[in-house]
Amino acid sequence: MFYLVIDLLGVVSFAISGVLAALQKKLDIFGVFIIAFVTAVGGGTIRDILIGTEPVTWLQDNVYMYTIIITVIFALIFKEKLKYLRTSLFLFDTIGIGLYTLVGIEKGLAVELSAVMCVVLGTITACFGGVVRDILCNDIPVIFHREIYATACVVGAVAYFLLRSLPVSDDVVFIASILIVIAIRLLAVKFQLALPSIYGKNGK
Amino acid sequence: MFYLVIDLLGVVSFAISGVLAALQKKLDIFGVFIIAFVTAVGGGTIRDILIGTEPVTWLQDNVYMYTIIITVIFALIFKEKLKYLRTSLFLFDTIGIGLYTLVGIEKGLAVELSAVMCVVLGTITACFGGVVRDILCNDIPVIFHREIYATACVVGAVAYFLLRSLPVSDDVVFIASILIVIAIRLLAVKFQLALPSIYGKNGK
Amino acid sequence: MFYLVIDLLGVVSFAISGVLAALQKKLDIFGVFIIAFVTAVGGGTIRDILIGTEPVTWLQDNVYMYTIIITVIFALIFKEKLKYLRTSLFLFDTIGIGLYTLVGIEKGLAVELSAVMCVVLGTITACFGGVVRDILCNDIPVIFHREIYATACVVGAVAYFLLRSLPVSDDVVFIASILIVIAIRLLAVKFQLALPSIYGKNGK
């Protein structure tokens, strides 16, 4: 139950970010819904396909579809207001990647993947919905060239495996790792941190 | 047998639409073939992967490959004439989405998905070959921002589940649903129907 | 062991081509790594998903990830020099597609696909990492509109099945087929061979 609530909170966060991207591209209602849908479940779908959990999660439970439909309707009704909610939406998205990173790790552990691959799966779950969104919108995925985003997921995921070796309960480790992802992302944006540049000062 | 003929008719329809898209982008023969191929089998492939029917359908039966190769050869030989065949090609495509919607629904029922998810699978089968085509051609998928297309599939798919509760044979329901998809798509184009706009008159 | 070395040589070749593509798009370190990763394992991942070998190969063995990380680090350190290494990198890529074509065929045979579909799988394994790379970089995949590339894989793959009927050892057939792919690709580039044009002289 706790697990499902977490999952659906992430769905709502990402669906709204999908709606915003689709509105910028002037897509029609159907296009907006599809972009919201793939943003919300895309990362988890890629994860499920890579590990062979099929039918994929959202096909097995209508609740994901219903949650996204309701989110899209609300987002469209209040779309003028969404423009004034950039900060809130950024928070939604940040909580979303924290939650999804941990969901991905747990799914990886369930099929007995190595810790390294669980970190990868967590990051894919958190970030690749946005990658699919950007590809469908014909943009270079934003996470490939802007500030700390996936990096926060990687660090949080690594922290999860370090914290697991400490004598604390699983729930504490789970929550702490989510908070680490969120904290890194918030700090990165607040202080405009980016990955060290690999290009020279003159852009070469 | 009937099932296979339906399937191959859809393959031919979509492959031609793929050839046309690839020619516009000035791709070489190989590129044209790949775009034709993914347009024809892309929707079904995504469906198969989502539900876990692997190896995917076209890998298990060479007939799909052969049909597409022959279609591409014919389409390239008569490509000057294809330009004057816009209406016929539109009809091909329309029949294709009708057929594929129902094929997708049946595959979903076969793995015991809910009616809602069968509607989704039918729509994916019908429309996502075109989505992959557009992504490979570096365009925003046309179904996300133009007239009624996927909507016709959704309505036809929903009709299928409503008609099933009537005391008529399965074949009648199957054919009737296909015709509903086709009819909606034809009417939408004839009367230039689009989904209700979610943007203001000044484009905002 | 021999098999793994072949595989990793291909990984290195493709990862470097991914780094170069990502640098041209001015992606950050994370973006560069992701593009290198999908270029290196993308073809094999699509192959694994199509045939249902899941979890996909690279999730089951950390060596792919480590190889790519090390390759990316080296490529970034020596990136100024990479610019002067176009010829070497072209050779890397050429060896890579030869190797991967055969890896794909063997995987297809292992799940008892037809010879035709093994040829397709080999070509996908060799070429679709580059296709995913180009899609993520928001370009039309280069193999769809430039010289002989996938064609070399197809010919080498067909040769494999012809050579198998001769009274020579499996290893000889394997190596010979790889060399055929490499030879065709080298000759195509040296003599600027392209697939016969399907467009008129005035570009129509």
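Computed from a predicted model, the values in this text were never measured in an experiment.

Participant: Before we move on, can you summarise the pattern of salt bridges with the specific residues and values?
Facilitator: Under the criterion given, the structure shown has 12 salt bridges over all chains. The residue Lys-25 of chain A makes a salt bridge to Asp-139 of chain A at a minimum N-O spacing of 3.0 Å. Highlighted residues: Lys-25 of chain A in the loop between helix H1 (2–24) and helix H2 (29–51) and Asp-139 of chain A in the loop between helix H7 (115–136) and helix H8 (150–163), separated in sequence by 114 residues. Under the relative-accessibility criterion, Lys-25 of chain A is labelled partly exposed at 29%. According to the relative accessible area criterion, Asp-139 of chain A is partly exposed, its value standing at 30%. One salt bridge connects Asp-48 of chain B with Arg-47 of chain B, and the closest N-O pair in it is separated by 3.0 Å.

Participant: A description of the interface of chain B and chain C should follow, citing residues and the corresponding values.
Facilitator: Contacts between the two partners involve 29 residues from chain B and, on the opposite side, 32 residues from chain C. Note on chain B versus chain C: buried area summed over both sides is about 2600 Å², and carbon and sulfur give 70% of it. By the criterion of area lost to chain C, the three top residues of chain B are Phe-30, Leu-59 and Leu-136 of chain B, representing 24% of everything that side buries. Inspection of the chain B/chain C interface yields zero salt bridges. Contributing elements (two or more residues each) for the side of chain B that touches chain C: helix H1 (2–24), helix H2 (29–51), helix H3 (57–60), helix H4 (63–77) and helix H7 (115–136) of chain B. With eight residues, H2 of chain B is the largest single contributor of residues to the side of chain B that touches chain C. Considering only residue class, the side of chain B that touches chain C consists of 19 nonpolar, four polar and six charged.

Participant: Describe the environment of Tyr-160 of chain B, naming the residues involved and giving the relevant values.
Facilitator: Residue and element names in this part refer to chain B. Among the secondary structure elements, Tyr-160 is positioned in helix H8 (residues 150–163). Each C-alpha atom of the pair Tyr-160 and Val-32 lies 35 Å from the other, and the pair is 128 residues apart in sequence. Every residue in contact with Tyr-160, bar those within four places of it in the chain, is listed here: Leu-102, Ile-105, Glu-106, Leu-109, Val-173 and Ser-177.

Participant: Before we move on, could you go through a nonpolar patch on the surface and cite the residues and values that matter?
Facilitator: Among the surface-exposed residues, Tyr-66, Ile-69, Ile-70, Ile-73, Phe-74, Ile-77 and Phe-78 of chain A lie close enough to one another that they form a single nonpolar patch of about 680 Å² accessible area. Positionally, Tyr-66 of chain A belongs in helix H4 (residues 63–77).

Participant: Give me the UniProt feature "transmembrane region" (unreviewed entry) in chain A: which residues, what numbers.
Facilitator: All names here are of chain A. Those residues carrying the UniProt feature "transmembrane region" (unreviewed entry) are residues 6–23, 30–51, 63–78, 85–103, 109–136, 148–166 and 172–195 in this numbering. Counted over residues 109–136, helix gives 86% and strand 0%. Its end C-alpha atoms are 30 Å apart. As annotated, residues 148–166 comprises 74% helix and 0% strand, and the C-alpha atoms at either end are separated by 27 Å.

Participant: I'd like to hear about the interface of chain B and chain A, residue by residue, with values.
Facilitator: Facing the 32 residues of chain B at the interface are 29 residues of chain A. With both chains or domains summed, chain B and chain A bury close to 2600 Å², and 71% of this area falls on carbon and sulfur atoms. When the buried area of chain B at its contact with chain A is split by residue, Leu-50, Phe-144 and Ile-198 of chain B rank highest and sum to 26% of it. Our count for the chain B to chain A interface comes out at zero salt bridges. Taken together, the connections running from chain B to chain A amount to three residue pairs in polar contact (both at pLDDT 80 or more). Counting residues per element, the ones that place at least two in the side of chain B that touches chain A are H2 and H7 of chain B. Of the residues contributing to the side of chain B that touches chain A, the split by class is 21 nonpolar, six polar and five charged.

Participant: Break down the relation of the copies chain B and chain A for me, with residues and values.
Facilitator: For these two chain copies, the linking operation is a rotation about an axis paired with a shift along it. The two copies are related by a screw motion: chain B maps onto chain A through a turn of 120° and a shift of 0.0 Å along the axis, at an RMSD of 0.0 Å. The symmetry that links the two subunits is that of a three-fold axis. When the interface residues of chain B are mapped onto chain A, a mere 12% of them again lie at the interface, so each copy presents a different face.

Participant: Pulling in residues and values, what's your account of the relation of the copies chain B and chain C?
Facilitator: Note on the copies: chain B fits chain C at an RMSD of 0.0 Å, the axial shift is 0.0 Å, and the rotation between them is 120°. Both copies present different contact surfaces, since only 14% of the interface residues of chain B are interface residues in chain C too.

Participant: Explain the side chain of Thr-101 of chain B residue by residue, including any values.
Facilitator: Residues and elements named next belong to chain B. Tracing the backbone shows Thr-101 in helix H6 (residues 86–110). On the basis of relative accessible area, Thr-101 is assigned to the buried category, the value being 0%. There is a polar contact of 2.6 Å between the side chain of Thr-101 and the backbone oxygen of Ile-97. Sequence-distant contacts of Thr-101, that is, excluding residues within four places in its chain, are made with Gly-122, Ala-126, Cys-153, Ala-157 and Val-181.

Participant: Explain the packing of H8 of chain A against helix H9 (residues 170–190) of chain A to me, and be specific about the residues and the numbers.
Facilitator: All names here are of chain A. Viewed as axis vectors pointing N to C, H8 and H9 meet at an angle of 155°, and their least axial separation amounts to 8 Å. When the axes of H8 and H9 are compared, the pair comes out roughly antiparallel. Here H8 runs over H9; the crossing is right-handed. Counted together, Ala-152, Cys-153, Val-155, Gly-156, Ala-159, Tyr-160 and Leu-163 of H8 and Val-173, Ala-176, Ser-177, Ile-180, Val-181, Ile-184 and Arg-185 of H9 form the full contact between these two elements. When the residues that make up the contact of H8 with H9 are grouped by side-chain class, the tally is 11 nonpolar, two polar and one charged.

Calculation rules
Every residue gets a number counted from 1 within its own chain, in the order that chain's sequence is written. All chains are assigned letters beginning with A, and all ligands numbers beginning with 1, in the order in which they are written. Residue-level local features of this predicted model are given only where pLDDT is at least 70; pairs of side-chain atoms are given and counted only at 80 or more, and the full residue set underlies all totals for whole chains, interfaces and linings. To obtain the side-chain values, all non-hydrogen atoms of the structure were used and water was disregarded. When a carboxyl oxygen of Asp or Glu is within 4 Å of a side-chain nitrogen of Lys or Arg, the pair counts as a salt bridge. Working definition: helices are DSSP H or I runs of at least four residues, strands are E runs of at least two. Numbering for both runs from the N terminus. We call a residue buried when its accessible area falls under 20% of the maximum for its residue type, exposed when it is over 50%, and partly exposed in between, using a 1.4 Å probe and counting protein chains only. Between two residues, a contact is recorded if the distance between any of their heavy atoms is within 4.5 Å. Two parts lose some accessible area (1.4 Å probe) when they are put together, and adding that loss for both gives the buried area. The classification used treats Ala, Val, Leu, Ile, Met, Phe, Trp, Tyr, Cys and Pro as nonpolar, Asp, Glu, Lys and Arg as charged, and all other residues, Gly among them, as polar. Only residues whose relative accessible area exceeds 30% and that take part in no salt bridge are eligible for patches, with like-charged residues grouped when within 9 Å of each other and nonpolar side chains (Val, Leu, Ile, Met, Phe, Trp, Tyr) grouped when within 5 Å. With residues, only the protein chains shown are counted as cover, and all accessible areas are computed by Shrake-Rupley using a 1.4 Å probe. UniProt positions are given in the numbering used here, feature names are shortened, and annotations may be inferred rather than shown by experiment. In protein, a polar contact means a hydrogen-donor-capable atom and an acceptor-capable atom, both N or O and within 3.5 Å, with residues adjacent in sequence counting only if both atoms are side-chain atoms; elsewhere, any N or O pair within 3.5 Å suffices. Our superposition of the copies is a least-squares fit, built on the C-alpha atoms of residues whose pLDDT is at least 70 in both. Throughout, an axis means a line fitted to C-alpha atoms (over the contacting stretch in the case of helices), and angles, computed between N-to-C directions, take values from 0 to 180 degrees. Comment on the angle field: the value is read as roughly parallel under 35 degrees, roughly antiparallel over 145, roughly perpendicular from 65 to 115, and oblique elsewhere. Crossings are classed by handedness, with left-handed meaning an anticlockwise turn of the near helix from the far one by less than a right angle and right-handed meaning a clockwise turn.

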